[in-house]
Amino acid sequence: LKNFSVYDKTNKSIIFSAGRIEIKLNILRSIAERQIMLAKIKVSDSKFSIVREENGNFYLGGSTSMDSELLQRLFYHESLFLTSKEISFFDKSSSKKSLISNFKFKTQVGHGDTVINGEAQLSDPRIGKIRFKIKPSNEIKINDFTGQINIWLSGLDSSLLTKKTSLLNSRLDQHELELL
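What comes next is a walk through the structure. (Residues numbered from 1 in each chain as written. Predicted model: local features only at pLDDT ≥ 70, side-chain atom pairs only at ≥ 80, totals over all residues. Heavy atoms only, no water.)

**Some points on the overall build of the protein**
Formally: Going along the chain from the N terminus, every DSSP run of H or I of four or more residues is numbered as a helix, and every run of E of two or more is numbered as a strand. Note on exposure labels: buried denotes an accessible area under 20% of the residue type's maximum, exposed denotes more than 50%, and partly exposed covers the range between, all computed with a 1.4 Å probe on protein chains only. Note on contacts: a residue pair qualifies if any of its non-hydrogen atoms lie within 4.5 Å across the two residues. Using the Shrake-Rupley algorithm and a 1.4 Å probe, accessible areas are obtained, with residue cover drawn only from the displayed protein chains.
From N to C terminus, the protein includes 2 helices and 9 strands. By the burial criterion, 26% of the 180 residues in the protein qualify as buried. Put simply, 45% of the contacts in the protein that link residues at least 6 apart link residues at least 24 apart. For the protein, the exposed area adds up to about 12500 Å²; of that, 52% sits on carbon and sulfur atoms.

**Description of the pairing of strand E6 (residues 96-110)**
The condition is simple: Only strands that DSSP links by at least two bridges are regarded as paired with each other.
Examined bridge by bridge, strand E5 (residues 79-91) and E6 share 12 bridges and lie antiparallel to one another. Pairing of Phe 81 across the sheet is with Lys 106, part of E6. Linking two consecutive strands that pair antiparallel, namely E5 and E6, is a turn of 4 residues; a positive phi of about 60° is found at Ser 95 within it. In this sheet, strand E7 (residues 113-122) lies alongside E6 in antiparallel orientation, the contact comprising 9 bridges. Note that in E7 the partner of Ser 101 across the bridge is Gln 121. Between E6 and E7, which follow one another and run antiparallel, lie 2 residues, and His 111 among them has a positive phi close to 55°.

**Notes on the pairing of E5**
In this sheet, E5 lies alongside strand E3 (residues 38-52) in parallel orientation, the contact comprising 10 bridges. Following the sheet pairing, Ile 50 is matched in E5 by Phe 89.

**Quick look at a nonpolar patch on the surface**
The cut-off we apply is this: Here the term patch refers to residues with relative accessible area over 30% and no salt bridge, with like charges joined within 9 Å and nonpolar side chains (Val, Leu, Ile, Met, Phe, Trp, Tyr) within 5 Å. Any carboxyl oxygen of Asp or Glu that lies within 4 Å of a side-chain nitrogen of Lys or Arg is treated as forming a salt bridge with it.
A cluster of nonpolar side chains, Leu 1, Phe 4, Val 6, Ile 23, Leu 25, Ile 27, Ile 31 and Ile 36, forms an exposed patch at the surface whose accessible area comes to about 800 Å². When residues of the nonpolar patch are traced back to their parent elements, those giving at least two are strand E1 (2-7), strand E2 (14-25) and helix H1 (27-33). The topology assignment puts Phe 4 in strand E1. A residue is classified by how much of its surface remains accessible, and Phe 4, at 30% relative accessible area, is partly exposed.

**Some thoughts on the pattern of salt bridges**
Evaluation of the coordinates by the stated rule reveals 6 salt bridges. Across the salt bridge formed by Arg 20 and Glu 22, the nearest N and O atoms sit 3.3 Å from each other. Judged by relative accessible area, Arg 20 falls into the partly exposed class, the value being 38%. The exposure class of Glu 22 is partly exposed, given its relative accessible area of 29%. Where Arg 52 meets Asp 91, a salt bridge forms, and the shortest distance between an N and an O atom there is 3.4 Å. Of this pair, Arg 52 sits in strand E3 while Asp 91 sits in strand E5, and the two are 39 residues apart along the sequence. What emerges from the salt-bridge pattern is a single network uniting Lys 104, Glu 119 and Lys 129.

**Observations regarding the side chain of Ser 30**
Residue placement: Ser 30 occurs in helix H1. Residue class for Ser 30 comes out buried when judged on its relative accessible area of 16%.

**As for the side chain of Ser 17**
Topologically, Ser 17 is positioned in strand E2. The residues touching Ser 17, leaving out its near neighbours within four places in the chain, are Phe 4, Ser 5, Asp 45, Ser 46 and Lys 47.

**Section: unusual backbone geometry**
The phi angle at Asp 45 is positive, at roughly 55°, despite the residue not being glycine. By the secondary structure assignment, Asp 45 is in strand E3. At Asn 102, a position not held by glycine, the phi torsion is positive, near 50°. Inspection of the secondary structure puts Asn 102 in strand E6.

Right, here's the structure in full:
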């Protein structure tokens, strides 16, 4: 699919678009399970914005909620790749806007384990590049996550480590912090 768009409920605003979407079918599994089974989803040049409400919930800009069932199916998909040149992020609790660029996101599912890897450039030049690896303990819930999150930052001003970030805020239980 080329130039794919998803509109809000009123069909007036685009809340997500992609320059290209590639979908590969798993034909043998589709026949065995008598339903369409996807082997790989690749979304390239996507455009969207993310809003964090004051209560901590996340939404796609222009929508009123994140469809957690759809996201869960995508996150648990055997192979999902998503790239975006630019994502705007708005935190309503702090009224801060940020820009995330060169975003890459990849999920891999195998033997009952899900691993999500990604990287991005952040708009704040003091932070630079971020890479992350997420291993959920059980089902993925956007607003109630349990599992392991690894974050690597390059080009970071070390004084920023002592400040709260609007993205993590007080919802993060920090059990272990390792500085190398």
